[in-house]
There are 2 protein chains.
Amino acid sequence: MIDYLRDGSEIYRRSFATIRAEAELDGLPPDVERVAVRMIHACGMVDLPGDLEYSADVVASGHRALAGGAPVLTDAKMIAGGVTRKRLPTDNEVLCTLADASVPELAERTANTRSAAALELWRERLPGAVVAIGNAPTALFRLLELLDEGVGAPAAIIGTPVGFVGAAESKVELARRAPAPYLVVHGRRGGSAMAVAAINAIATEAEL
Amino acid sequence: MIDYLRDGSEIYRRSFATIRAEAELDGLPPDVERVAVRMIHACGMVDLPGDLEYSADVVASGHRALAGGAPVLTDAKMIAGGVTRKRLPTDNEVLCTLADASVPELAERTANTRSAAALELWRERLPGAVVAIGNAPTALFRLLELLDEGVGAPAAIIGTPVGFVGAAESKVELARRAPAPYLVVHGRRGGSAMAVAAINAIATEAEL
């Protein structure tokens, strides 16, 4: 047998203690700090708070929406799969429309990526929803366009698209416009795990 | 309309070109370089290669196994969900046993985490399989113990567990023992997206 810690609760406890000891969390509202700690836990990088920008009410607004039954809308199947269902306060729907049969044709017709085209199917669901875009910058840009077109605003937007083309720019644009309470990780970093961590932390205050 | 690139293929092309221009890829075997580029693409961090350690034959061995019909075994549902099925050469099974009904009791009986206990259900499948552990350090430690106990070795082990308790240590131990061709991201970084990117790159040489 190899010598390693095998107690899940104790692993969580020590992990969160390490994060709180090492990460620069001063100045974050307590509820945003809780979300930031969970996002750091998901990516292993304590310097994450330096790239965070957010509305002060994003966690409260997102949680209130989930408590009221709002759906979680996301751009990536990995995010939809990663949200811990038992943390959701009202057995909320978690919806990723990327694999919908209509999306390839929507992408062609709108001359956009499939990730962006999938948001055409969000129009009815978007007002008051909790949105997590953790993969495709084009999906975040398209969300901003839909809100420009007059679609009702979501209750919270978690913006962590990742990568080298448009990711940083889409998050700057979300923070600049702030069409709804939002939280972004600026720069190229991001991804499904961070988005899932944010949703899981917004869903319930419990850390375990 | 916002001005952003909407052509998925062109986004991929520019992303990979940026990664190849910025990342330090010298010295990587060509097939490992291809995997590294895809992993960087998934996390947005061009400094990743500095933390890579690998067997020279890990990509060839993993690909050969998949071409021969081997399953992908993984510790996290997000990884199982993220593997692009159409990249798999033989419609390979992708298996995560974490949600199996027997796992909570196995965890109690073996005094380990559920992530580690879920590997008890891998024993028959493990020889010749492609393993991706991208979440739980305890799962990677438990894999090493199973191989110690004489369970047949997999064809490739992708080790990217993430976090603050045991993650770095489990990956050092995998690289030190090298019980099968392996690839790890040393340190605290890792996660599902990197593991998925590695499997998707091993599955087929095509970048798009």
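Residues numbered from 1 in each chain as written. Chains lettered and ligands numbered in written order. Predicted model: local features only at pLDDT ≥ 70, side-chain atom pairs only at ≥ 80, totals over all residues. Heavy atoms only, no water.

### Considerations on the overall build of chain A
Line of reasoning, step 1. Within chain A one finds nine helices and six strands.
Line of reasoning, step 2. What you see for chain A is a C-alpha radius of gyration of 17 Å, in line with the 17 Å of a compact globule of 208 residues.
Line of reasoning, step 3. If you line up chain A on its principal axes, its C-alpha atoms span 55 × 35 × 30 Å.
Line of reasoning, step 4. Within the span of chain A, comprising 208 residues, buried residues form 59% of the whole.
Line of reasoning, step 5. In chain A, of all internal contacts separated by at least 6 residues, the share reaching a separation of at least 24 is 66%.
Line of reasoning, step 6. Carbon and sulfur atoms make up 50% of the accessible area of chain A, which totals about 8,100 Å². (Helix = DSSP H or I, 4+ residues; strand = E, 2+ residues; numbered from the N terminus. Rg over C-alpha atoms; globule rule 2.2 N^0.38 Å. Buried < 20%, exposed > 50% of the residue type's maximum accessible area, 1.4 Å probe, protein only. Contact = heavy atoms within 4.5 Å. Areas by Shrake-Rupley, 256 points an atom, 1.4 Å probe, with all protein chains shown as cover.)

### A word on the packing of aromatic side chains
Line of reasoning, step 1. Tallied over the entire structure, the rule returns four aromatic pairs over all chains.
Line of reasoning, step 2. On the basis of an interplanar angle of 15 degrees and a centroid distance of 4.5 Å, the ring pair of A:Tyr4 and B:Phe141 is categorised as stacked. Residue A:Tyr4 is located in the segment before helix 1 (8–22), and its partner B:Phe141 is located in helix 7 (residues 137–148); the two belong to separate chains.
Line of reasoning, step 3. One residue, A:Arg6, lies across the ring of A:Tyr4, its end atom 3.9 Å from the ring centre. (Phe/Tyr/Trp six-rings, centres within 6.5 Å; stacked < 30°, edge-to-face > 60°. Lys NZ or Arg CZ within 6 Å of the ring centre and 35° of its normal.)

### Quick word on the sheet that holds strand 5 (residues 156–159) of chain B
All names here are of chain B.
Line of reasoning, step 1. Strand order in the open sheet formed by six strands is 1-6-5-4-2-3, and the pairing between neighbours is mixed. The outermost strands of the open sheet, each flanked by one partner alone, are strand 1 (52–54) and strand 3 (94–96). Direction aside, the axes of adjacent strands within the sheet are offset by 15 degrees on average.
Line of reasoning, step 2. Sheet strands touched by helix 3 (residues 58–67): strand 1, strand 2 (72–74), strand 4 (130–133), strand 5 and strand 6 (182–185). Its angle to strand 4, the strand with the most contacts, is close to 120 degrees. (Pairing = 2+ DSSP bridges. Axes fitted to C-alpha atoms, helices over the stretch in contact; angles between N-to-C directions.)

### Quick look at the confidence of the model for chain A
Line of reasoning, step 1. Here chain A averages 97 in pLDDT, and 100% of its residues register 70 or above.
Line of reasoning, step 2. Complex prediction metrics read pTM 0.97 and ipTM 0.96. (pLDDT = per-residue confidence, 0-100.)

### A closer look at the interface of chain B and chain A
Line of reasoning, step 1. Tallying the contact residues gives 42 residues for chain B and 42 residues for chain A.
Line of reasoning, step 2. Run the count over chain B and chain A and you get four salt bridges.
Line of reasoning, step 3. Measuring nitrogen to oxygen at the nearest pair gives 2.8 Å for the salt bridge that ties B:Arg188 to A:Glu22.
Line of reasoning, step 4. Applying the counting criterion to the chain B and chain A interface returns 14 residue pairs in polar contact (both at pLDDT 80 or more).
Line of reasoning, step 5. Those elements that place two or more of their residues in the side of chain B that touches chain A are helix 1 (8–22), helix 2 (30–43), helix 4 (77–82), helix 7 and helix 9 (192–203) of chain B. (Salt bridge = Lys/Arg side-chain N within 4 Å of Asp/Glu carboxyl O. Polar contact = N/O pair within 3.5 Å; in protein donor to acceptor, adjacent residues only side chain to side chain.)

### Considerations on the relation of the copies chain B and chain A
Line of reasoning, step 1. The two copies are related by a screw operation: chain B maps onto chain A through 180 degrees of rotation and 0.0 Å of translation along the axis, at an RMSD of 0.0 Å. A rotation of that kind, with that shift, is consistent with a two-fold axis. Closest approach to the rotation axis among the C-alpha atoms of chain B is made by B:Met78, whose C-alpha sits 2.6 Å away.
Line of reasoning, step 2. Both copies present the same face, since 100% of the interface residues in chain B are matched by interface residues at the equivalent positions in chain A. (Least-squares fit on C-alpha atoms with pLDDT ≥ 70 in both.)

### A few points about the pairing of strand 6 (residues 182–185) of chain A
All names here are of chain A.
Line of reasoning, step 1. On strand 6, burial covers both faces: Tyr182 and Val184 on one face and Leu183 and Val185 on the other are all buried.
Line of reasoning, step 2. Here strand 1 (residues 52–54) pairs with strand 6 via three bridges, running antiparallel. Residue pairing for strand 6: Leu52 is matched across the bridge by Val185.
Line of reasoning, step 3. Since strand 5 (residues 156–159) and strand 6 lie parallel, the crossover through helix 8 (residues 167–177) that links them has a hand, and here it is right-handed. (Right-handed = clockwise from strand over helix to strand, strands pointing away.)

### A few points about unusual backbone geometry
Residues and elements named next belong to chain B.
Line of reasoning, step 1. Unlike most non-glycine residues, Asp91 shows phi in positive territory, near 50 degrees.
Line of reasoning, step 2. Judged by its relative accessible area of 68%, Asp91 falls in the exposed class.
Line of reasoning, step 3. Positive phi values are uncommon outside glycine, yet Ala111 reaches one of about 50 degrees.
Line of reasoning, step 4. Relative to the elements of secondary structure, Ala111 occurs in the loop between helix 5 (103–110) and helix 6 (114–117).
Line of reasoning, step 5. The exposure class assigned to Ala111 is exposed, which follows from its relative accessible area of 52%.

### Considering the environment of B:Ala101
All names here are of chain B.
Line of reasoning, step 1. Tracing the backbone shows Ala101 in the loop between strand 3 and helix 5.
Line of reasoning, step 2. A residue is classified by how much of its surface remains accessible, and Ala101, at 75% relative accessible area, is exposed.
Line of reasoning, step 3. Linking Ala101 and Ala36, residues 65 residues apart in sequence, is a C-alpha distance of 36 Å.

### Details of the pairing of strand 6 of chain B
A regular strand places its side chains so that they alternate between the two faces of the sheet.
Line of reasoning, step 1. Two elements, strand 5 of chain B and strand 6 of chain B, share three bridges in a ladder whose sense is parallel. Along strand 6 of chain B, the bridge assignment pairs B:Ile158 with B:Leu183.

### Quick notes on the packing of helix 1 of chain B against helix 2 of chain B
Residue and element names in this part refer to chain B.
Line of reasoning, step 1. One can describe the packing of helix 1 onto helix 2 by two numbers: an axis separation of 10 Å at closest approach and a directional angle of 110 degrees. Regarding the angle of helix 1 to helix 2, the classification is roughly perpendicular. Here the hand of the crossing between helix 1 and helix 2 comes out right-handed. On helix 2, the residues that touch Tyr12, Ser15, Phe16, Ile19 and Arg20 of helix 1 are Glu33, Arg34, Val37, Arg38, Ile40 and His41.
Line of reasoning, step 2. Looking at side-chain class alone, the contact of helix 1 with helix 2 contains five nonpolar, two polar and four charged residues. (Parallel < 35°, antiparallel > 145°, perpendicular 65-115°, else oblique. Left-handed = near helix turned anticlockwise from the far one by under 90°. Nonpolar A, V, L, I, M, F, W, Y, C, P; charged D, E, K, R; others polar.)

### Observations regarding the side chain of B:Ser192
Line of reasoning, step 1. Checked against the element boundaries, B:Ser192 lands in helix 9.
Line of reasoning, step 2. With residues near it in sequence (within four places) discarded, B:Ser192 still touches A:Met78, B:Ala76, B:Met78, B:Ile79 and B:Gly134.

### A short note on the sheet that holds strand 5 of chain A
Residue and element names in this part refer to chain A.
Line of reasoning, step 1. If you trace the six strands from one edge of the open sheet to the other, you get 1-6-5-4-2-3, paired in mixed fashion. At either end of the open sheet lies a strand with only one pairing partner, and these are strand 1 and strand 3 (94–96). On average, adjacent strands in this sheet sit at an angle of 15 degrees to one another, irrespective of strand direction.
Line of reasoning, step 2. As paired strands, strand 2 (residues 72–74) and strand 3 are joined by three bridges and run parallel to one another. Of the residues in strand 3, the one forming a bridge with Leu73 is Leu95.
Line of reasoning, step 3. Docked against the sheet, helix 3 (residues 58–67) engages strand 1, strand 2, strand 4 (130–133), strand 5 and strand 6, running at close to 120 degrees with respect to strand 4.
Line of reasoning, step 4. Packing of helix 8 onto the sheet brings it into contact with strand 1, strand 5 and strand 6, and relative to strand 6 it is tilted by some 150 degrees.

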